[in-house]
Amino acid sequence: MERAVNFNAGPAAIPLEVLKEAQGELLDWKATGMSVMEVSHRSKEYEALHNEAQERFRRLAGMGSEWKVLFLTGGASSQFFMLPMNYLAEGRKASYLVTGSWSKAALKEARRFGACAEISSENPGGGFTRILKTSELDIPSDSTYVHLTSNNTIFGTQWKTWPDTRGVPLVCDMSSDIFSRPFPAGDFSLIYAGAQKNLGPSGLTLVALREDFLARAKTKDQLPTMLSYRVHEEHNSLYNTPPCFSIYMLDLTLRWLEKNGGLKVMGRLNEEKATLVYKAIDSSSGFYRNPVERESRSSMNIVFRLPSPEAEEGFVKEAKAAGIIGVKGHRSVGGIRFSIYNASSLDNVKTAVSFMEDFKKRRG
Ligand SMILES: *Cc1c(COP(=O)(O)O)cnc(C)c1O
């Protein structure tokens, strides 16, 4: 069996150990004689797993019991409207720090539910190549929350420090860099992420929110039941059938993270991986070009251009032949993108960097 060097942006690589564990338990999970996909979500075996995954998530994130961890569905994209539905109303406003396509999409949804202030780093000619500067962060103090996207999956930029919101609750879409590095949980009020980039398979959306922020959400009677954070918290994310298999895979992935040293070790490793790729770009005498401002460079999604669209096409094709897949940039921006999430090993990144050097020698 030959495993691909998988740089897919999402769904993305899952650690081989995790897949093997799931394979081993596929037909008989916890001596039930059933797969985890076949047991009742009301069974004691499932409930133990559910609670364990929440506990592990909090432990890895350094979150105390004041944090509620919800297992929802509908992808991160559903949080774009669920969040403002729960918090915005007549006379309430939110602020959005827009640094890429996903934060733009989040803002568009929020505007349906209330007034929104936009602070954007979009280039005059369109597109994004940087994160906002501290001097640009004039967040209106009457905001119910301020929303940002920690890593811009499409444009390859990432927040390296967190803004001082001067007391305004900070909400973060962490879909493409959650648990890729340590972060100060205490600075945030709510974080969310689709699981399919760094935490397992698709179908599960994680929302973690602090008690004091939950207390400011709309009440149950003001919202459709399934769209109320309060309902999901009160029912421990078991109001309806949760995505049991994805939660099981999350738990295995979190276990793998703990075994491998947690977020600090992961952060160092991800830096090391990203540095290798950026070095290959920067030392290519302009053959490879990263369009992003240096201080804003993402360690998760590394984007670069080649001298021509033909060269880029050739790069994708030859990479695939060499077993390196998922390197085509997002259809909205083109170019090349390496998505090197937690499950992309240092060895895989080294293989890809060798391929880059070799390709340049042949085509440069
Ligand atoms: C992938 C992604 C999304 C969309 O996630 P879905 O789960 O497909 O809805 C949202 N935000 C960011 C930052 C992403 O990377």
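It should be noted that the structure appears before, not after, this text.
Keep in mind that what you see is a predicted model, and the values were worked out from it rather than measured. (Residues numbered from 1 in each chain as written. Predicted model: local features only at pLDDT ≥ 70, side-chain atom pairs only at ≥ 80, totals over all residues. Heavy atoms only, no water.)

**A short note on the sheet that holds strand β9 (residues 190–194)**
The strands that make up a sheet pair up through hydrogen bonds in the backbone, lying either parallel or antiparallel.
Right, so step 1: Taken in spatial order, the seven strands line up as β2-β10-β9-β8-β5-β3-β4 in an open sheet, and their pairing is mixed. Strand pairing shows two members of the sheet lacking a second neighbour, β2 (67–72) and β4 (115–120), which therefore form its edges. Looking at each pair of strands side by side, their axes are set apart by 15° on average, direction ignored.
Right, so step 2: Summarising the sheet, strand β3 (residues 93–98) and strand β5 (residues 143–149) pair through three bridges and their orientation is parallel. From the neighbouring strand, Ser95 faces β5, where its bridge partner is Val146.
Right, so step 3: In this fold helix α4 (residues 101–110) packs onto β3, β4, β5 and β8 (170–173), with an angle of close to 160° to the strand it touches most, β3. (Pairing = 2+ DSSP bridges. Helix = DSSP H or I, 4+ residues; strand = E, 2+ residues; numbered from the N terminus. Axes fitted to C-alpha atoms, helices over the stretch in contact; angles between N-to-C directions. Contact = heavy atoms within 4.5 Å.)

**A look at the nonpolar core**
Right, so step 1: Counting 54 residues, the largest nonpolar core has Phe57, Phe179, Phe183, Ile191 and Leu199 as the members making the most contacts within it.
Right, so step 2: Top contributing element to this core by residue count: helix α7 (residues 244–259), with nine residues.
Right, so step 3: Not counting the four nearest positions on each side in its chain, Ile191 is found in contact with Phe57, Met63, Cys172, Met174, Ile178, Phe183, Leu206, Val207 and Ala208.
Right, so step 4: Core analysis: the next-biggest nonpolar cluster, separate from the first, contains 28 residues, Leu107, Phe155, Val207 and Tyr229 among them. (Core = buried A, V, L, I, M, F, W, Y, C linked by side-chain atoms within 4.5 Å. Buried < 20%, exposed > 50% of the residue type's maximum accessible area, 1.4 Å probe, protein only.)

**A few points about the side chain of Ser237**
Right, so step 1: Within the secondary structure, Ser237 sits in the loop between α6 (229–234) and α7.
Right, so step 2: Take Ser237: its relative accessible area is 2%, and that puts it in the buried class.
Right, so step 3: Here the side chain of Ser237 touches Phe71 through a polar contact of 2.9 Å, landing on its backbone nitrogen. (Polar contact = N/O pair within 3.5 Å; in protein donor to acceptor, adjacent residues only side chain to side chain.)

**What about the site of the ligand?**
Right, so step 1: Ser77, Thr153, Asp173, Gln196 and Lys197 are the nearest of the 13 residues found near the ligand.
Right, so step 2: One of the side-chain N or O atoms of Ser77 is found 2.6 Å from an oxygen atom in the ligand.
Right, so step 3: In this structure, a nitrogen atom belonging to the ligand sits 2.7 Å away from a side-chain N or O atom of Asp173.
Right, so step 4: Ranked by residues supplied to the shell around the ligand, first place goes to helix α3 (residues 75–87) with four residues. (Near = heavy atom within 4 Å.)

The analysis is restricted to geometry; functional conclusions fall outside its scope.
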